[in-house]
Structure formats: structure tokens, C-alpha cells
Amino acid sequence: MDLGIKGKNALICASSKGLGKGCAKALAKEGVNIWLNGRNEEILNATAREISDVAQGSVSTIACDITTEDGRNLALSVTPNLDILVNNAGGPPVGNFRQWNMQDWQSAVNNNMLTPIDLFNRVLDGMIERGFGRIINITSSSVKAPVQNLDLSNGARSGLTGFFAGASRQVAPFNVTVNSILPGRFDTDRLRSSMKLSSEKTGKSIEQLLETGKAQIPSRRYGMPDEFGALCAFLCSQHAAYITGQNILIDGGLVSLNL
Ligand code: NAP
């Protein structure tokens with residue numbers, strides 16, 4: 001299916017690895033001109049080289065911390081006429097609310113709520129003028145069903161979800177859609193580093209924990225970044241113009257409404 005977005009311009013935040021990279025690759029294959037982002041320049045450049053091999057449009061990089069004002073200023077100064085914005089950043093650390101202080105909360109809210117809101121606000125006028133805009137937020141299944149020991153994520157991401165429930169309806173008349181994709185468990189560095197922490201805590205091996213985690217998923221496997229990217233590309237397409245304000249789970253059936 002031709003997604004009808006060849007030649008569009010996309011900024012994909014936090015995309016040198018994992019789910020952001022999956023989104024960037026899928027958009028690049030559709031002929032979208034992409035701007036990749038990450039803090040580690042070496043990894044970012046390696047990802048740009050890898051994606052260039054399959055890209056049908058241009059591939060550029062912006063090395064910066066997207067959760068800072070300076071980082072966002074830099075990113076927006078080099079991305080002309082953005083048609084697509086994929087909001088993403090590293091997730092908050094694992095842990096219970098008893099262990100976090102106000103600074104920890106402010107950091108989680110800054111990274112996973114205020115940063116995407118600021119970017120959205122700053123790219124919106126151009127999208128409205130051009131009559132096309134696609135905003136995708138990478139959030140978490142924690143928005144539908146809180147994940148144990150991820151209290152910072154459960155809280156901060158719910159704030160973002162509430163904001164976009166309202167804002168998405170306000171921009172819908174201009175063919176600007178806003179949707180969030182909610183990953184369950186995907187095979188990325190983030191998943192493996194949280195398994196490493198559990199391993200240190202429980203004494204179980206990472207492999208053992210990965211197997212136990214997999215067995216809890218109805219699909220009996222972890223998700224792959226490329227399948228996450230395919231959903232992102234479809235939601236950015238011309239065909240998805242009538243889908244907005246949604247929170248779409250991609251989790252192999254893990255989250256059940258009967259929880
Ligand atoms: P990942 O594999 O660890 O990749 C994170 C990417 O984000 C890297 O490219 C990293 O590059 C970049 N990044 C992190 N902080 C950044 C910042 N401040 N500025 C710019 N780039 C930044 O993580 P992932 O699994 O793809 O997760 C992506 C998001 O989905 C996270 O918020 C995570 O909590 C959420 N999520 C993931 C899962 C899962 O199963 N994987 C499930 C639920 C939710 P640098 O470190 O070089 O900056």
C-alpha cells in the first residue's frame with residue numbers, strides 16, 4: 001500500500017535505537033525525509049548509515065538531548081516544514097513512588113510530558129498552514145493499565161495522555177492528527193536494562209527473566225521495533241486522516257481489560 005507520504009518531512013525524537021529507530025526506518029522506507037535524534041553521536045551516525053541503505057528520502061541527524069530547551073531549539077532550527085513529529089524520549093527509571101523525590105518527579109514530567117507538549121505546540125502552526133500534520137507519541141501500555149514498579153511512568157505519561165485527549169480534538173479540523181502508540185514489551189535495550197536490574201535484585205538470570213516475561217504475553221514473544229514502526233508509518237499516512245485522539249496498544253494481547 002502506498003502510504004502517500006513520500007517527500008514529507010519528519011522529526012523522530014530519540015530514534016537512534018529501539019522503538020524510535022523502528023519508526024524512523026518505516027518512515028524512511030516510505031520516502032519521508034527523516035531527522036534522527038539521540039544524544040550519543042556515534043550510535044546516531046551508525047543508525048543513520050544503516051537506515052540510509054533502505055531509505056527512499058533523505059536521512060539527517062540531530063545530536064541533542066531533546067528533553068532540554070536547547071536541544072529542542074536546535075532540533076527545530078534544522079528541521080524545515082515538519083509534517084510529521086514522533087515524540088519519544090528515554091523512559092523514567094524503574095521504581096516505587098516511595099523512593100522518588102520532587103526532583104525525580106519533575107524530571108519524569110519534563111521528559112515524558114512537557115517535552116512532547118512543547119514540541120507539538122511549536123510545530124503545530126506550520127502543519128495547520130500546510131493542511132497536513134501527523135503527531136505520534138510513543139508512550140506505554142501503563143497508560144491503560146499501570147505497570148508495577150514503574151510509578152514515574154504511570155504518572156507522567158497519564159498527564160500527557162490527558163492533555164492530548166483534549167488537544168487532538170482541537171486540531172482535528174486542520175487535518176492534523178495526534179495519536180499515541182502504547183508499547184507492551186518490546187525487545188529493545190530498555191527492556192534488557194530493566195531485566196538486568198531485576199536480575200540483580202532477584203538473583204535470577206536475565207535469560208530466565210526474559211523467558212518468564214515472554215510466557216505472560218498471549219503472543220508468547222516480545223514485540224519487534226520494526227512492527228512498531230509499521231504501525232507508526234500507517235498512522236502517519238494519508239489513509240489515517242480519520243484516526244485521531246487514540247491510544248493504540250501494541251502488546252501481543254498483554255493488557256487485558258479484565259485485569
Ligand atoms: P531504548 O531502546 O533504550 O532507546 C532509547 C532511544 O532514545 C535511544 O536512541 C536513546 O539514545 C534515545 N534517547 C533517550 N533519551 C534521550 C534524550 N533525552 N534525548 C534524545 N534521545 C534520547 O528504548 P525503547 O525501548 O525504544 O523505549 C522508547 C520509549 O518507549 C521509552 O520512553 C520507554 O520507556 C517506552 N517504552 C518501551 C517499552 C519496551 O518494551 N521497550 C515498553 C513501554 C514503554 P541516547 O541514549 O544516545 O540519547
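What counts as what
Residues numbered from 1 in each chain as written. Predicted model: local features only at pLDDT ≥ 70, side-chain atom pairs only at ≥ 80, totals over all residues. Heavy atoms only, no water. Helix = DSSP H or I, 4+ residues; strand = E, 2+ residues; numbered from the N terminus. Rg over C-alpha atoms; globule rule 2.2 N^0.38 Å. Buried < 20%, exposed > 50% of the residue type's maximum accessible area, 1.4 Å probe, protein only. Areas by Shrake-Rupley, 256 points an atom, 1.4 Å probe, with all protein chains shown as cover. Pairing = 2+ DSSP bridges. Axes fitted to C-alpha atoms, helices over the stretch in contact; angles between N-to-C directions. Contact = heavy atoms within 4.5 Å. Near = heavy atom within 4 Å. Polar contact = N/O pair within 3.5 Å; in protein donor to acceptor, adjacent residues only side chain to side chain. Nonpolar A, V, L, I, M, F, W, Y, C, P; charged D, E, K, R; others polar. 1 Å grid on protein atoms, 1.4 Å probe; cavity = no way out; pocket = protein on both sides within 12 Å on 5 of 7 lines; lining within 4 Å. Points joined across faces, edges and corners; volume = space filled by probe spheres on them. Phe/Tyr/Trp six-rings, centres within 6.5 Å; stacked < 30°, edge-to-face > 60°.

Draft legend 1. The overall build of the protein chain, seen in detail. Per the secondary structure count, the protein chain includes eight helices and seven strands. Taking 2.2 N^0.38 as the reference for a compact globule, 259 residues should give roughly 18 Å; the C-alpha atoms of the protein chain span a radius of gyration of 18 Å, in line with that estimate. Judged by the C-alpha coordinates and their principal axes, the protein chain covers about 55 × 40 × 35 Å. Classification of the 259 residues of the protein chain by burial places 47% in the buried group. Taken as a whole, the protein chain presents about 12400 Å² of accessible surface, with 50% of it coming from carbon and sulfur.

Draft legend 2. Here's a closer look at the sheet that holds strand β4 (residues 84–87). Taken in spatial order, the seven strands line up as β3-β2-β1-β4-β5-β6-β7 in an open sheet, and their pairing is parallel. Two strands bound the open sheet, and with one partner strand each, they are β3 (59–63) and β7 (247–250). Each adjacent strand pair in this sheet contributes to an overall mean axis angle of 20°, direction not counted. As judged from the four bridges shared by strand β1 (residues 9–12) and strand β2 (residues 33–38), these two strands associate in the parallel manner. Its bridge partner lying in β2, Ile 12 is registered against Leu 36. The sheet strands contacting helix α1 (residues 18–29) are β1, β2, β4, β5 (133–138) and β6 (176–183), and the helix crosses β1 at an angle near 170°. Contacts between helix α4 (residues 102–130) and the sheet are confined to β4, β5 and β6, with β4 contributing the most and set at about 175° to the helix.

Draft legend 3. Looking closely at the side chain of Ser 140. Tracing the chain through its elements places Ser 140 in the loop between β5 and α5 (151–171). For Ser 140, a relative accessible area of 10% puts it in the buried group. Those residues in contact with Ser 140 that sit more than four places away from it in its chain are Ser 153, Arg 157, Ile 181, Leu 182 and Pro 183.

Draft legend 4. Expanded view of the site of the ligand. Around the ligand sit 28 residues in total, of which Ser 16, Arg 39, Ala 89, Phe 186 and Thr 188 are the nearest. Here Ala 89 contributes a backbone N or O atom positioned 2.7 Å from an oxygen atom of the ligand. In this structure, Phe 186 approaches the ligand through a main-chain N or O atom, which is 2.7 Å from an oxygen atom. Calculation on the ligand without its partners gives an accessible area of 890 Å², and the protein chains cover 90% of this total. Put simply, the parts of the chain that give the shell around the ligand at least two residues each are α1, β2 and α6 (189–202). Residue composition of the shell around the ligand, grouped by class: eight nonpolar, 13 polar and seven charged.

Draft legend 5. Focus on empty space enclosed by the protein. Scanning all chains against the criterion turns up two cavities of 30 Å³ or more. Of the volumes computed, that of the largest cavity is approximately 100 Å³. Taken together, the elements giving at least two residues each to the lining of the largest cavity come down to α4, β5 and α5. By residue number, the principal contributor to the lining of the largest cavity is α4, which donates five residues. In the lining of the largest cavity, the residues fall into six nonpolar, seven polar and one charged. Put simply, the second largest cavity is a space of about 50 Å³. Residue lining of the second largest cavity: Thr 161, Phe 164, Ala 165, Ser 168, Val 178, Asn 179, Ser 180, Gly 245, Gln 246 and Asn 247, and that is the complete set. Residue assignment for the lining of the second largest cavity shows that the elements contributing at least two residues are α5 and β6. Top element by residues in the lining of the second largest cavity is α5. It accounts for four residues. Looking at the lining of the second largest cavity, its residues break down into three nonpolar, seven polar and no charged.

Draft legend 6. The arrangement of the packing of aromatic side chains in detail. A full pass over the atoms with the stated rule returns four aromatic pairs. For the ring pair Phe 120 and Phe 163, a centre distance of 6.1 Å and an interplane angle of 75° mean the geometry is edge-to-face. A residue pair is termed long-range when its members are at least 10 positions apart, and Phe 120 in helix α4 and Phe 163 in helix α5 qualify at 43 residues. Geometrically, the ring pair formed by Phe 120 and Phe 164 is edge-to-face, given 5.0 Å between the ring centres and 80° between the ring planes.

The values reported here are purely geometric and, on their own, carry no functional implication.
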